Amino acid sequence: MAGLAVNVDHIATLRQARGINYPDPVAAAVLAELAGADGIVVHLREDRRHIQDRDVYLLRKTVLSKLILEMAATDEMISIARDVKPDLVTLVPEKREELTTEGGLDVISHTAALEKAVAALHEHRIPVSLFIDPDKNQIEKAGQIDADMIEIHTGTYCEAVSPAEKDAAFAAIIEAAKKAAQLNLGVNAGHGLCYNSIKRFKGLTEIDEFSIGHSIIARAAMVGMQQAVKDMLKLVQEL
Ligand code: PXP
């Protein structure tokens, strides 16, 4: 059965909108875990637009399931990760001007830098996942540079409008998940998934865990954090 890792970045977005100390992503993480989340995810961005260093350090002390730190492969972030020791680091590309992470890492063009980042994290026994598009060549390269897992970028599938585009994007995800599993890489998936788009993953047993944030936090604003997590967890567990 696939797991659900809940990304609480957008609780911090709400807090930072006013520059005050609520709502607290640490409290949201407690509620997500009480509702059954298998992990808590935060993205510490270079510009600190939502999650702050204080959140990451406090979550390390409070998360009981597992703490997944999304970050760019910069010296600053690697040094923070080596200090915090999350249960998993997911390396993501980061551009300051983007609204959210817009695409997967290009492991082929940045092989040396990513290999160095993976090794630096492994030195501190931190497993590493690479967030990549569902592309066979990228996946092979991820395996070659000793990544432990990949996270398949599901954004193209989620954003596709026509049924034909959606079918093609989902076919690429299936192929990518199977390829990664063949290479003995762990397989996570995420970005843009919601209470509808998740249903299509039924039967795709290669995926170990889904990483979902925005749709859960949006529902939490209406029905509460625990209910929103339970609703998604039920869908993930039915896959
Ligand atoms: N996975 C990665 C690597 C991400 O960057 C994000 C967005 O922070 C997510 C998953 C979650 O995406 P969403 O908030 O759209 O569910």
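This text goes with the structure placed above it.
Since the model is a prediction, treat every value here as computed from it, not as a measurement.

## A closer look at the pairing of strand β5 (residues 128-132)
By the criterion of burial, β5 is predominantly enclosed, with 5 of the 5 residues buried. Where burial is concerned, the two faces of β5 agree: the one with Val128, Leu130 and Ile132 and the one with Ser129 and Phe131 are both buried. Where β5 meets strand β6 (residues 149-153), 4 bridges bridge the pair, whose relative direction is parallel. In the sheet register, Phe131 faces β6, and the bridge partner there is Glu151. For the segment spanning β5, helix α6 (residues 136-144) and β6, crossover handedness is right-handed.

## Considering the pattern of salt bridges
Tallied over the entire structure, the rule returns 14 salt bridges. Ionic pairing is found between Arg54 and Asp55, a salt bridge with its closest N-O pair at 2.8 Å. For Asp55, a relative accessible area of 0% translates into the label buried. Where Glu206 meets Lys178, a salt bridge forms, and the shortest distance between an N and an O atom there is 3.2 Å. Placement of Glu206 in the loop between β7 (186-190) and β8 (209-212) and of Lys178 in helix α8 (residues 163-182) is noted, with a sequence separation of 28 residues between them.

## Quick notes on the packing of helix α2 (residues 25-34) against helix α3 (residues 53-62)
Relative to each other, α2 and α3 sit at 35°, their axes nearing to 9 Å. As for the relative orientation of α2 and α3, their crossing is right-handed in sense. Every residue of α3 that contacts α2 at Pro25, Val26, Ala29 and Glu33 is listed here: Arg54, Asp55, Leu58, Leu59 and Thr62. Split by residue class, the contact of α2 with α3 holds 5 nonpolar, 1 polar and 3 charged.

## Remarks on the sheet that holds β7
The parallel closed barrel is built from 8 strands, whose spatial order is β1-β2-β3-β4-β5-β6-β7-β8. This sheet shows a mean twist of 25° between the axes of neighbouring strands, independent of strand direction. Along the sheet, α8 makes contact with β6 and β7, crossing β6 at roughly 180°. Strands β1 (3-7) and β8 of the sheet are contacted by helix α10 (residues 225-237), whose axis makes an angle of about 145° with β1.

## Quick look at the packing of aromatic side chains
In the structure shown here, the tally under the stated rule is 4 aromatic pairs. Relative to Phe201, the ring of Phe170 has its centre 4.9 Å away and its plane inclined at 80°; by these criteria the two rings are edge-to-face. On the criterion of sequence distance, the pair formed by Phe170 in helix α8 and Phe201 in the loop between β7 and β8 is long-range, its members being 31 residues apart. A relative accessible area of 5% places Phe170 in the buried class. In this structure an aromatic cluster arises from ring pairing among Tyr157, Phe170, Phe201 and Phe210. For Lys166, the ring lying beneath its charged end belongs to Tyr157, and the centroid distance is 5.0 Å. The ring of Tyr195 has Arg219 sitting right over it, with the charged end atom 3.5 Å from the ring centre.

Criteria and cut-off values
Within each chain, residue numbers correspond to sequence positions counted from 1 in written order. pLDDT decides what is reported in this predicted model: residues at 70 or higher carry local features, side-chain atom pairs at 80 or more are listed and counted, and totals for whole chains, interfaces and linings draw on all residues regardless. Hydrogens are left out, water is left out, and the side-chain values use all remaining heavy atoms of the structure. Here's how the labels work: a residue is buried when its accessible area is under 20% of the maximum for its type, exposed when over 50%, partly exposed in between, all with a 1.4 Å probe on protein chains only. Helix and strand labels come from DSSP, where a helix needs a run of H or I of at least four residues and a strand needs a run of E of at least two; each type is numbered from the N terminus. What makes two strands pair is DSSP finding at least two bridges between them. Every crossover in which the path from the first strand over the helix to the second runs clockwise, viewed with the strands pointing away from the viewer, is termed right-handed. We count a salt bridge whenever a side-chain nitrogen from Lys or Arg sits within 4 Å of a carboxyl oxygen from Asp or Glu. Here, axes are lines fitted to C-alpha atoms. For helices the fit covers the stretch in contact, and angles between N-to-C directions go from 0 to 180 degrees. The sense of a crossing depends on the near helix, which, turned anticlockwise from the far helix by less than a right angle, makes the crossing left-handed and, turned clockwise, makes it right-handed. Contacts are residue-level and defined by heavy atoms, with any inter-residue pair within 4.5 Å sufficient. Residues were grouped as follows: Ala, Val, Leu, Ile, Met, Phe, Trp, Tyr, Cys and Pro as nonpolar; Asp, Glu, Lys and Arg as charged; and all remaining residues, including Gly, as polar. The criterion for an aromatic pair is that two Phe, Tyr or Trp rings (for Trp, the six-membered ring) have centres within 6.5 Å, with stacked assigned to planes under 30 degrees apart, edge-to-face to planes over 60 apart and tilted to the rest. Put simply, a charge is over a ring when the Lys NZ or the Arg CZ is close to the ring centre, within 6 Å, and near the line of the ring normal, within 35 degrees.

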